[in-house]
Amino acid sequence: MKALVKAERLSKYFPVGGLLRPRGYVKAVDNVDLEIYEGETLGLVGETGSGKTTLGRLILRLIEPTSGKIYFDGADVTKLSGKELATFRRKAQIIFQDPYMSLNPRFTVYQTLLEVIKVHKLPIQDPEEHIGKMLELVGLERSHLHRYPHEFSGGQRQRIAILRALILEPKFLVLDEPTSALDVSVQAQILNMLKDLQRRLGLTYLFISHDIGAVRYMSNRIAVMYMGKIVEIGPVDAVIKEPLHPYTQALISALPVPDPKIARSKKTVLLQGEPPSPINPPAGCRFHPRCPYFIKGKCDVEEPQLKEVKSGHYVACHLY
Ligand code: SF4
């Protein structure tokens, strides 16, 4: 499988207490290695503050990394500038959580999309005709062309935000909690549409969410983040049915199970305490203060590295 996106030892540290004399650094993303294969959806899960959104923005170079490399289609993204950077910005797009915040309330759908065409100097002869046709791609109608964002429902606004990305003919989309601001009834429609668009347009997705059910539905593989590190990554069914890392086990066991028989037989792993301070993370395994299987003298000393335990299934834990 060809990797469309590759991160190598990617880190982002945010200074705390002023840029000139920082008191310390929040290690939001710390030495992450990751590959996203062409045509797949990689789900990225973890608690709030685990670094998943920062990782998504780093991959798109919306923020500059502290260290490490990002490759897109073989090119080193950290070195791009000028025309090459502009091309990358077209090919790799992001869909945000709140479509209302990401659309200009004073622009109609047509004005919003025309702006994108102009900024990126797309060679489109008849923009109105082109945009009209593309509206159908996201389940909207030509009659919506000259309406403003406030005239649409939340789901329709997210469709417009998705279309704004698609008009650039991207290859890769970071979907950052794309349905969490929407009503439950609309969420499934948007997820189904994203799946359909992926199949029709050959897109590759990084799907960031705290909703493991949605991630399971959307993804081919899942990566689990904890305090800036990827602690487990593997095929979706393997990670959901046989989670290896104690943190993943806790996340999965917190999921509601519809069948009471299965629920009774399900092993429950309860997390102890709160996540530690990201400014001064624990030595060794960052999860050790909360881990029920903590091995004294090892887990608090030695940082576990990701290793392949089963085919394509990697975990960073001293138990394996
Ligand atoms: Fe728990 Fe040790 Fe594994 Fe960390 S390395 S998850 S503390 S058993």
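Rules of the game
- Residues numbered from 1 in each chain as written.
- Predicted model: local features only at pLDDT ≥ 70, side-chain atom pairs only at ≥ 80, totals over all residues.
- Heavy atoms only, no water.
- UniProt positions renumbered as here; feature names shortened; annotations may be inferred.
- 1 Å grid on protein atoms, 1.4 Å probe; cavity = no way out; pocket = protein on both sides within 12 Å on 5 of 7 lines; lining within 4 Å.
- Points joined across faces, edges and corners; volume = space filled by probe spheres on them.
- Nonpolar A, V, L, I, M, F, W, Y, C, P; charged D, E, K, R; others polar.
- Helix = DSSP H or I, 4+ residues; strand = E, 2+ residues; numbered from the N terminus.
- Axes fitted to C-alpha atoms, helices over the stretch in contact; angles between N-to-C directions.
- Parallel < 35°, antiparallel > 145°, perpendicular 65-115°, else oblique.
- Left-handed = near helix turned anticlockwise from the far one by under 90°.
- Contact = heavy atoms within 4.5 Å.
- Near = heavy atom within 4 Å.
- Sits in = over half its atoms within 2 Å of the grid points.
- pLDDT = per-residue confidence, 0-100.
- Buried < 20%, exposed > 50% of the residue type's maximum accessible area, 1.4 Å probe, protein only.
- Pairing = 2+ DSSP bridges.
- Core = buried A, V, L, I, M, F, W, Y, C linked by side-chain atoms within 4.5 Å.

An unreviewed UniProt entry lists the protein under the name ABC transporter ATP-binding protein, from Pyrobaculum arsenaticum. The record in UniProt for the protein states the following under Sequence similarities (unreviewed entry): "Belongs to the ABC transporter superfamily."

*Asks:* Would you mind showing me how to read empty space enclosed by the protein here?
*Replies:* Unoccupied space between atoms shows up once a probe the size of one water molecule is rolled over them. Evaluated as defined, the whole model comprises three cavities of 30 Å³ or more. Taken as a whole, the largest cavity encloses approximately 100 Å³ of empty space. Lining the largest cavity are 14 residues, with C285, C291, C299, C317 and H318 sitting closest to its centre. Split into classes, the residues belonging to the lining of the largest cavity amount to 11 nonpolar, three polar and no charged.

*Asks:* So what exactly am I meant to see when it comes to the UniProt feature "domain: ABC transporter" (unreviewed entry) in the protein here?
*Replies:* Annotation from UniProt places "domain: ABC transporter" (unreviewed entry) at residues 5–252. In the segment residues 5–252, helix accounts for 38% and strand for 27%; the C-alpha atoms at its two ends are 27 Å apart.

*Asks:* How should I be thinking about the packing of helix 4 (residues 109–119) against helix 5 (residues 127–137) in this particular structure?
*Replies:* It is the contact of helix 4 with helix 5, at a shortest axis distance of 10 Å, that shows an interaxial angle of 115 degrees. Taken together, the axes of helix 4 and helix 5 lie roughly perpendicular to each other. Remark: the crossing between helix 4 and helix 5 carries right-handed chirality. In this structure, helix 4 contributes V109, Y110, L113, L114 and I117 to the contact, and helix 5 contributes P127, E128, I131 and L135.

*Asks:* Would you take a moment to explain the site of the ligand for this structure?
*Replies:* Close to the ligand lie H245, P246, C285, F287, H288, C291, Y293, C299, P304, C317, H318 and L319. Judged by its atoms lying within 2 Å of the grid points, the ligand is housed in the largest cavity. Taken together, the residues of the shell around the ligand break down into nine nonpolar, three polar and no charged.

*Asks:* Would you mind showing me how to read the confidence of the model for the protein here?
*Replies:* Keep in mind that low pLDDT regions are not for reading the predicted coordinates in detail. Looking at the protein, pLDDT values average 91 and 96% of them are 70 or higher. Across the protein, the secondary-structure element scoring lowest on mean pLDDT is helix 11 (residues 260–265), at 54, and the one scoring highest is strand 12 (residues 313–315), at 98.

*Asks:* Honestly, the pairing of strand 6 (residues 92–95) in this entry has me stumped. Any pointers?
*Replies:* Along a regular strand, successive side chains alternate from one face of the sheet to the other. Neither face of strand 6 is open: one carries A92 and I94, the other Q93 and I95, and all of them are buried. Across four bridges, the pairing between strand 6 and strand 7 (residues 172–176) is parallel. In the sheet register, A92 faces strand 7, and the bridge partner there is F172.

*Asks:* Even after reading the chapter, I still don't get the nonpolar core, so can you show me in this structure?
*Replies:* Within soluble globular proteins, side chains that are nonpolar generally end up buried alongside one another. Ranked by internal contacts, the top residues of the largest apolar core, which has 55 residues, are I162 and L197. Among all residues touching L197, those that are not within four sequence positions of it are L137, V138, I162, L166, G202, L203 and Y205. Residues V32, L34, I70 and V77 belong to the second largest nonpolar core, which totals 30 residues.

*Asks:* Quick question: what am I supposed to make of the sheet that holds strand 5 (residues 75–76) here?
*Replies:* Within a sheet, neighbouring strands are paired by backbone hydrogen bonds and run either parallel or antiparallel to one another. Reading across from one edge, 2-1-4-5 is the order of the four strands in this open sheet, with antiparallel pairing throughout. The two strands at the open ends of the sheet, each matched to only one other strand, are strand 2 (24–37) and strand 5. Judged from the five bridges that link them, strand 1 (residues 3–16) and strand 4 (residues 67–72) form a sheet pairing that is antiparallel. Looking at the pairing, V5 lines up with F72 of strand 4.

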